[in-house]
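Now for the letters of each chain:
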Amino acid sequence: MQHSKLSEHTFKKGKFITPFNSISVMQALSDEKSWTYGRMPEYLWIGLILDHFGRDDGLRKLYSIISELHKLAPELYTVRISQILKLEHSVQRKLYNYINKVISKETLSPLTVILTSSKAPIFAECFYCPELSVEDRCSVLTETMRKIMDHQSNEATDIRFVALYFNLLSGKLHLLKDQIDLLAIYSTTEHTEEIMRTVRPTVRSLEMMILQFEDTNSIYLELFWRCISEMTECSIYSMVFPEETRDIDIYMENLHEIFAFLAELFTSSSPLDEKMNVILGIATYSYRRLKECYEHNLSNSISGRSCIRVLIEDYIMMKYLIKNEALHENIWRDYQLYGIGQYKLVLARHRENGVLAQSHFDTRYIEALVNEFKE
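This report concerns the structure included in the present document. Small disclaimer: the values here were computed from a predicted structure and weren't measured.

**Brief notes about the overall build of the chain**
So, step 1. Scanning the chain from terminus to terminus reveals 15 helices and two strands.
So, step 2. For 375 residues, the compact-globule estimate of 2.2 N^0.38 gives 21 Å, and the chain exceeds it by more than 25% at 32 Å.
So, step 3. If you line up the chain on its principal axes, its C-alpha atoms span 95 × 50 × 45 Å.
So, step 4. Of all 375 residues assigned to the chain, the portion counted as buried reaches 36%.
So, step 5. Counting contacts in the chain only where the partners sit at least 6 residues apart, residues at least 24 apart contribute 66% of the total.
So, step 6. Counting every atom, the chain has about 24100 Å² of accessible surface; 55% of that belongs to carbon and sulfur.

And the structure:
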């Protein structure tokens, strides 16, 4: 499957939108309908079974379980755990007893750290295993979640296939023959086979269709994520950047000579050339930012990355001014006036509100900048 190119995306309000999501009828999913936050917690019980028994045996057992669920609750059209927990207690008990005949109760026991006797009494009664500690159950949950967190992973796609298959049993969703033919081979085909490069995207796109008539349960999601956050420690990620070993002393010396020459050229031959004044000013400012990075060894620091961003923005600004020079009369003077106007705004706010004595704001320096352009 070939991924869309960045040039094919639409940039809107700071986001790159894929060609598929650019279609007018398509809308971004809310958090409650997203995979990681909204659907994965609901289908985690399926993931536990697949992780415990493996793909082949797990899918066979799940087929038996969802078939029984369809018999016990024919009106149900989703395998979301929050909806199963809303079934009558007698129906739940029959289903859970059947599940315990198909699989060991230890398989779904990890969920009892979330679905406790006060939250889901029938579920907790049927699947609680006192020999499994809270730590053991939490460990199984978090490890399974790591495997299925990516909505395009093979493990997550297996779960989405089960959810889709149950929806087909309910009769809510109707598919084309070609789509049904692809789904028919999913459970008996290894992920390594070439045909699965077509089947997996089909499963994922069809599973997204059932979101149109599925209800989300924000109360269950809040319960799930609150419990997960309370029972797990935050993982600390750190990066160690290699030490900068490149010697750029000669490069910086050459830059200094170039800017010294340009400054002398400007003052001696073109002191009133507004274009040169602006371009040389932006370039000199960029050079000084780079010089700070170099002299203070800011290569991988936050300040260093900030300096690099300024260099890129300065480059874009110069390119913009040059490109639009023919389309905008007095673009170089207007650019200078705009900058002076921003300084005047800062100065006016200072005069009106004042600043602390130890502030970095230097009134005399700003006044000199504001007045220099008109003198």
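**Brief notes about the pattern of salt bridges**
So, step 1. Enumeration according to the criterion identifies 16 salt bridges in this entry.
So, step 2. Between Arg55 and Asp158 there is a salt bridge, with its nearest N and O atoms 3.0 Å apart. Pair noted here: Arg55 is in helix α2 (residues 55-72) and Asp158 is in helix α7 (residues 154-170), with a separation of 103 residues, a long-range link.
So, step 3. We classify Arg55 as buried; its relative accessible area is 16%.
So, step 4. On the basis of relative accessible area, Asp158 is assigned to the buried category, the value being 5%.
So, step 5. Between Arg160 and Glu207 there is a salt bridge, and its shortest N-O distance comes to 2.7 Å. Of the two residues, Arg160 sits in helix α7 while Glu207 sits in helix α9 (residues 196-209), which places them 47 residues apart along the sequence. Each member of the pair, Arg160 as well as Glu207, is classed as buried.
So, step 6. A network of salt bridges, in which partner residues are shared, links Arg39, Arg160 and Glu207.

**Section: the packing of α7 against α9**
So, step 1. At their nearest, the axes of α7 and α9 sit 9 Å apart, and the two run at 50° to each other. It follows that α7 is oblique to α9 by the angle criterion. The handedness of the crossing between α7 and α9 is left-handed. Between α7 and α9, the contacting residues are Asn154, Thr157, Arg160, Phe161 and Leu164 on the first element and Arg200, Val203, Arg204, Leu206, Glu207 and Met208 on the second.
So, step 2. When the residues that make up the contact of α7 with α9 are grouped by side-chain class, the tally is five nonpolar, two polar and four charged.

**Considerations on unusual backbone geometry**
So, step 1. In this model, Asn297 sits at a positive phi of 55°, which is unusual for a non-glycine residue.
So, step 2. Along the chain, the position of Asn297 falls in the loop between α12 (274-295) and α13 (302-323).
So, step 3. The phi dihedral of Asn330 falls on the positive side, at around 60°, and the residue is not glycine.
So, step 4. On the secondary structure map, Asn330 appears in the loop between α13 and α14 (331-353).

**Some points on the environment of Ser64**
So, step 1. Its location among the elements puts Ser64 in helix α2.
So, step 2. For the pair Ser64 and Ser235, spaced 171 residues apart in the sequence, the C-alpha separation amounts to 37 Å.
So, step 3. With sequence-adjacent residues up to four places away left out, Ser64 is seen in contact with Tyr98 and Val102.

**Considering empty space enclosed by the protein**
So, step 1. Within this structure, the stated rule accounts for one cavity of 30 Å³ or more.
So, step 2. In this structure, the largest cavity is lined by Trp45, Ile81, Ile84, Leu95, Tyr96, Ile99, Leu108, Phe123 and Phe127.
So, step 3. When residues of the lining of the largest cavity are traced back to their parent elements, those giving at least two are α3 (81-84), α4 (89-102) and α5 (121-127).
So, step 4. The leading source of residues in the lining of the largest cavity is α4, at three residues.

**Description of helix α10 (residues 218-231)**
Since there are 3.6 residues in each turn of an α-helix, residues three or four apart along the chain are aligned in direction.
So, step 1. Between the first and last C-alpha of α10 there are 20 Å, a value that for 14 residues agrees with the 20 Å anticipated at 1.5 Å per step.
So, step 2. Backbone nitrogen of Ile219 and a side-chain oxygen of the N-cap are separated by 3.2 Å at the start of α10; the cap is Asn217.

**Quick word on a nonpolar patch on the surface**
So, step 1. Together, Ile308, Ile312, Tyr315 and Ile316 make up an exposed nonpolar region whose accessible area comes to about 410 Å².
So, step 2. Inspection of the secondary structure puts Tyr315 in helix α13.

Rules used throughout
Residues numbered from 1 in each chain as written. Predicted model: local features only at pLDDT ≥ 70, side-chain atom pairs only at ≥ 80, totals over all residues. Heavy atoms only, no water. Helix = DSSP H or I, 4+ residues; strand = E, 2+ residues; numbered from the N terminus. Rg over C-alpha atoms; globule rule 2.2 N^0.38 Å. Buried < 20%, exposed > 50% of the residue type's maximum accessible area, 1.4 Å probe, protein only. Contact = heavy atoms within 4.5 Å. Areas by Shrake-Rupley, 256 points an atom, 1.4 Å probe, with all protein chains shown as cover. Salt bridge = Lys/Arg side-chain N within 4 Å of Asp/Glu carboxyl O. Axes fitted to C-alpha atoms, helices over the stretch in contact; angles between N-to-C directions. Parallel < 35°, antiparallel > 145°, perpendicular 65-115°, else oblique. Left-handed = near helix turned anticlockwise from the far one by under 90°. Nonpolar A, V, L, I, M, F, W, Y, C, P; charged D, E, K, R; others polar. 1 Å grid on protein atoms, 1.4 Å probe; cavity = no way out; pocket = protein on both sides within 12 Å on 5 of 7 lines; lining within 4 Å. Points joined across faces, edges and corners; volume = space filled by probe spheres on them. Expected span 1.5 Å × (residues − 1). Polar contact = N/O pair within 3.5 Å; in protein donor to acceptor, adjacent residues only side chain to side chain. Patch = residues over 30% accessible without salt bridge, like charges linked within 9 Å, V, L, I, M, F, W, Y side chains within 5 Å.

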